[in-house]
Amino acid sequence: MAGGFLLEIRRGTQSALLVIREADPTSSALDVSVAADCLAVRSGGRSVAAAALPAEVRLAPSSTRGLRRLPGDGLHLRMPLRRPAPPPADLAHTLRESLKPQKSYVFYCQSCGDIIVKDRKFLRVLPLPSENWSALVEEWCCHPNPFARSTLHPRQDDCFLGDTFFLLNSENESHVPESPMCCSETGHYASQSGSNLKSKENTRVICKRCRTMLGETVSADTVKYYVTEVIIRPSEESFSPTPRSQFVQRMVAQCLVELSSAKSTFRFAVKGDDGKIYILIWLLNSDTLLVESLGSSSSHSIFTLFGDIFMPNSGPVGTWSAVKVLYQPCIKSRNKDLADAWEDDIGVHPLKFPSETCMELLLILGLSTISLPPSLRCMNSFQVAFLKM
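Residues numbered from 1 in each chain as written. Predicted model: local features only at pLDDT ≥ 70, side-chain atom pairs only at ≥ 80, totals over all residues. Heavy atoms only, no water.

### Regarding the environment of L259
Working step 1: With respect to the secondary-structure elements, L259 resides in helix α3 (residues 244-263).
Working step 2: L259 gets classed as buried once you look at its relative accessible area, which sits at 5%.
Working step 3: Here the alpha-carbon distance between L259 and H349, two residues 90 residues apart in the chain, equals 8.5 Å.
Working step 4: If we skip the residues at most four places from it in the chain, L259 touches D163, S264, T265, F268, H349 and L351. (Helix = DSSP H or I, 4+ residues; strand = E, 2+ residues; numbered from the N terminus. Buried < 20%, exposed > 50% of the residue type's maximum accessible area, 1.4 Å probe, protein only. Contact = heavy atoms within 4.5 Å.)

Below is the structure:
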């Protein structure tokens, strides 16, 4: 019996890889019919999987090539597209595009929906330079760095945007304590020694309702929120919850695509707020369109690409834009030598998230990997996964 199919379309090359999974390898021979707008699989004279493709996808079955059957996978075949696949839909609204000056916004905790910042209007919404901007200034200036003692902290009506976070002035925000020394998860004050060093634990900004880490205090009047922890909506719009796993991978995919486009970098070291590297990610492509049919109910646990929350919600076929990545986990000292080499490589861009979110991302990648046919799970020494946009 066929367990469904996976169609991986590359918009750049206008080609598609079709994998028809066999849930029961001992079943009778399969009769596979591929048309421009539909797929059908029959076994023993009866239909076991049939699905019409989305209107924007049209195949050219007469040009099929590379037909093969792999034990444990099913049938693999490649074919070009009859019509160009549409460009990817706009990424989940980027912060640079969604945050506008002179407009009122509400900030919600993504995990529980509690209001973090209410009806905040910004006079300026400005992107921050890259983390190593100060070092670049020293290279380009023939005199001492004029910004050496300057800090880029927002004023009361400013919002500064980083790669994975945004900075707000915390003045008049009731959920942020006046002193970063009293922002610990347990609510206790940190003991102050002769130095001004603060415990990392005591800079954490925590949601009052669900106790999720939202960000950290940067100074007495500046707070950093991570893009994976907060949902921003115009004040006139209502809050609509998004499944946590779906939100995390969409925001991470957005960061990967934006940075690869702006800085021509495709390797990323995902770090936690504790400074440790959790994942090494290599962006393979960002022009993927995935079409998936789950087939019979007995095969759902075998061939579900993104887990239960990513099952098709508009019929038997689901279609998603996605990025394809190679990755290596680095927890518990795994791949330490490679992580050290990447950390010293200027071509690798660091991405910082809360440590808990890094673990969530690693779980999402792992679930994506094990849901793929075995032959598609690895490339060289890296594991393969998709992140849905």
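### Here's the deal with the sheet that holds strand β15 (residues 222-226)
Working step 1: Ordered in space as β10-β11-β12-β15-β14-β13, the six strands form an open sheet in which the pairing is mixed. Sheet topology places β10 (124-127) and β13 (204-206) at the edges, where each strand pairs with a single neighbour. Between one strand axis and the next, the sheet turns by 30 degrees as a mean value, whatever way the strands run.
Working step 2: Summarising the sheet, strand β11 (residues 158-161) and strand β12 (residues 165-169) pair through three bridges and their orientation is antiparallel. Residue pairing for β12: L161 is matched across the bridge by F166. (Pairing = 2+ DSSP bridges. Axes fitted to C-alpha atoms, helices over the stretch in contact; angles between N-to-C directions.)

### Remarks on the pattern of salt bridges
Close approach of charged atoms allows side chains of opposite charge to pair.
Working step 1: For the structure on display, the rule yields 13 salt bridges.
Working step 2: A salt bridge links R209 to D114, with the shortest nitrogen-to-oxygen separation between them at 3.6 Å. Of this pair, R209 sits in the loop between β13 and β14 (213-219) while D114 sits in the loop between β8 (104-109) and β9 (115-121), and the two are 95 residues apart along the sequence.
Working step 3: When its relative accessible area of 55% is taken as the criterion, R209 is described as exposed.
Working step 4: Residue D114 is classed as buried on the basis of its relative accessible area, which comes to 18%.
Working step 5: Between D273 and R204 there is a salt bridge whose closest N-O contact spans 3.7 Å. Here D273 is found in the loop between β17 (267-271) and β18 (277-293), whereas its partner R204 is found in strand β13, with 69 residues between them in sequence.
Working step 6: Here the salt bridges do not stand alone but share partners, grouping R204, D273 and E356 into one network. (Salt bridge = Lys/Arg side-chain N within 4 Å of Asp/Glu carboxyl O.)

### Quick look at the sheet that holds β8
Working step 1: One open sheet accounts for three strands, arranged β9-β8-β16; its pairing is antiparallel. Strand pairing shows two members of the sheet lacking a second neighbour, β9 and β16 (230-234), which therefore form its edges. Ignoring which end each strand starts from, the neighbouring axes of this sheet average 20 degrees apart.
Working step 2: The pairing of β8 with β16 spans five bridges and is classified as antiparallel.

### Re the side chain of R120
Working step 1: Assignment of secondary structure puts R120 in strand β9.
Working step 2: By relative accessible area, which is 8% here, R120 ends up buried.
Working step 3: One polar contact links the side chain of R120 to the main-chain carbonyl oxygen of N169, over a distance of 2.9 Å. (Polar contact = N/O pair within 3.5 Å; in protein donor to acceptor, adjacent residues only side chain to side chain.)

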